[in-house]
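Summary of the model geometry
Okay, here's what each chain looks like letter by letter:
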Amino acid sequence: MTRHMDIPWWRDAVVYEIYVRSFADASGDGVGDLAGARERLTHLKELGVDAVWLTPFYTSPMADGGYDVADYRDVDPLFGSLADFDALVADAHALGLRVLVDIVPNHSSEAHPWFQAARRGEGRDRYIFRDRPNNWQSTFSGPAWTRLPDGSWYLHLFAPGQPDFNWRNPEVRAEFLDILRFWLDRGVDGFRIDVAMGLFKAEGLPDVEDQSFMSDSPVWGQPEVHGVYREWRELLDSYPGERMAVGEVWTDTLEDLALYVRPDELQQSFNFAWLQAPWSATAFRKVIDETLATVPFATWVLSNHDVVRHVTRYETADPGTGLSRAKAALLAMLALPGSAYLYQGEELGLPQVQDIPPEARQDPVFIQSEGKLPGRDGCRVPMPWSPGGDSFGFSPEGVTPWLPQPGSFAALSVASQTGDPGSTLEFYRRALACRRELVRTIPYELEWLASDEDALVFARGPLVCALNCGTRPVRLPPHENVLLATGPVEGGLLPPDHAVWLQRQVS
Ligand code: NOJ
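Described below are features of the structure shown in this document. (Residues numbered from 1 in each chain as written. Predicted model: local features only at pLDDT ≥ 70, side-chain atom pairs only at ≥ 80, totals over all residues. Heavy atoms only, no water.)

What follows covers the pattern of salt bridges. Under the counting rule described, the total for this entry stands at 33 salt bridges. Measuring nitrogen to oxygen at the nearest pair gives 2.9 Å for the salt bridge that ties Asp-102 to Arg-192. Here Asp-102, found in strand β5 (residues 98–103), pairs with Arg-192, found in strand β9 (residues 190–193); they are 90 residues apart in sequence, far enough to count as distant. For Arg-192, a relative accessible area of 1% corresponds to the buried category. Between Arg-168 and Glu-203 there is a salt bridge, with the nearest N and O atoms lying 3.5 Å from each other. Here Arg-168, found in the loop between β8 (153–155) and α5 (170–185), pairs with Glu-203, found in the loop between β9 and α6 (225–237); they are 35 residues apart in sequence, far enough to count as distant. Relative accessible area serves as the criterion here: at 31%, Arg-168 is assigned to the partly exposed category. Through salt bridges with shared partners, a single network forms among Asp-64, Asp-306, Asp-363, Arg-376 and Arg-380. (Salt bridge = Lys/Arg side-chain N within 4 Å of Asp/Glu carboxyl O. Helix = DSSP H or I, 4+ residues; strand = E, 2+ residues; numbered from the N terminus. Buried < 20%, exposed > 50% of the residue type's maximum accessible area, 1.4 Å probe, protein only.)

Right, here's the structure in full:
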């Protein structure tokens, strides 16, 4: 243990994303809440994660599921109260789980008092107002500008109910430092920073031809943002207990991502490169090599509340492939150096729910695109805890959850899978327990071992991980024993769409 005392907790942490609206509903209004999350903390302890990330639970009109914040220092009644939050943090800490909260600095809600004042013409310099819009588009589709009755336009890179702050105004900067202090003083271990590359826009707001995350985009990734994170880092470091921040940073290249992860800036940024890669050993190897070569503290993500669940992304014409690949990808991810972010429900192998009726859909992506884009509701369907009842244990009996759950959730519920050695949940538990034992005893560095080109085979000291992305079984390297496998490993062969952890002898 002592040898590793200087390694910060977050370097190898497994962090579990609680999408609060869909995790557990204690109040009985069909929407998940903080008290519900608190009651289910034992699930996370048994799963074996190190930390939880709570998506926004602040006062909000819910134009974007809470990513539209009206009061950054309070809890929306839908999610509970500050007392519920404090109780959740206390219980999590008592169980040895760290707590990260989501901070939304790019935009507020239109219901925020500052924007209400701005509507009346007061303090407009806190937002981005212009007499004429430019050609920028909302990420959710449609124009990024909305006109007020007095003829002025305000910028919103997301929904009209999410006006973008003007980070060139020192008042905005000071306000966010104070908001961070508010939550640090309440005991949070860190922050997940929403749209972390978006806060500044290029001076003059020039028109764009392409609004993707290119290095020279006037919309994203302006250099001024780094000054903000240097201030935030100073604040985090002024608190005891290794408080940290992980940025939601979307970039075209890993070089651009690495700009955010520096000794005096953010400790981590989500690395979405794996999630965007196809099922291919070559593609995965490239992502791993580039990540480890460019990002000082690596992170890995397979799913979150904004993307199609990876069981479904990996599905093929051959049913069941998606789940097999998802489990195999998990083993690879958990064997890689760095920290892993899990999304609620992936431990159950939940698929994307595709058949949500249009009238039940709530995502502004669906609404703003007038149904042309399905939006993200399909990965946000409330968690199934037990096989029966009106909501599979998500809400109290007799309550309808905010999004309909498919019948297939019964067999996928936590209770249905618990104790079944063949279940996805028990597989996750075994994998996390095994990783916990190994992670601080193996070197951070990874070494590639010779393999078939359709497979990934790498080692970290005595741990060898092999992942078969091809269509034929691949021969495993010499090993002493099999630590964990996603399926049968017979005759030293790993079948397609499977992965294994092996123990080898190191001299
Ligand atoms: C990223 C969040 O993860 C997503 O859910 C949200 O819609 C946007 N940022 C805007 O806040």
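A few words on the packing of helix α11 (residues 321–335) against helix α15 (residues 424–438). Where α11 contacts α15, the two axes come as close as 10 Å, and the packing angle between them is 10°. Classified by the interaxial angle, the pair formed by α11 and α15 is roughly parallel. Facing Leu-323, Lys-327, Leu-330, Leu-331, Met-333 and Leu-334 of α11, the residues of α15 in contact are Thr-424, Phe-427, Tyr-428, Ala-431, Leu-432 and Arg-435. Along the lines of polarity and charge, the residues of the contact of α11 with α15 split into nine nonpolar, one polar and two charged. (Axes fitted to C-alpha atoms, helices over the stretch in contact; angles between N-to-C directions. Parallel < 35°, antiparallel > 145°, perpendicular 65-115°, else oblique. Contact = heavy atoms within 4.5 Å. Nonpolar A, V, L, I, M, F, W, Y, C, P; charged D, E, K, R; others polar.)

Within this structure, the stated rule accounts for 35 aromatic pairs. Centroid distance Phe-182 to Trp-183: 4.9 Å. Interplanar angle 80°. Geometry classified as edge-to-face. For Phe-182, a relative accessible area of 21% puts it in the partly exposed group. Measuring from ring centre to ring centre gives 6.4 Å for Phe-427 and Tyr-428, while their planes differ by 80°; the resulting arrangement is edge-to-face. For Phe-427, a relative accessible area of 2% gives the class buried. (Phe/Tyr/Trp six-rings, centres within 6.5 Å; stacked < 30°, edge-to-face > 60°.)

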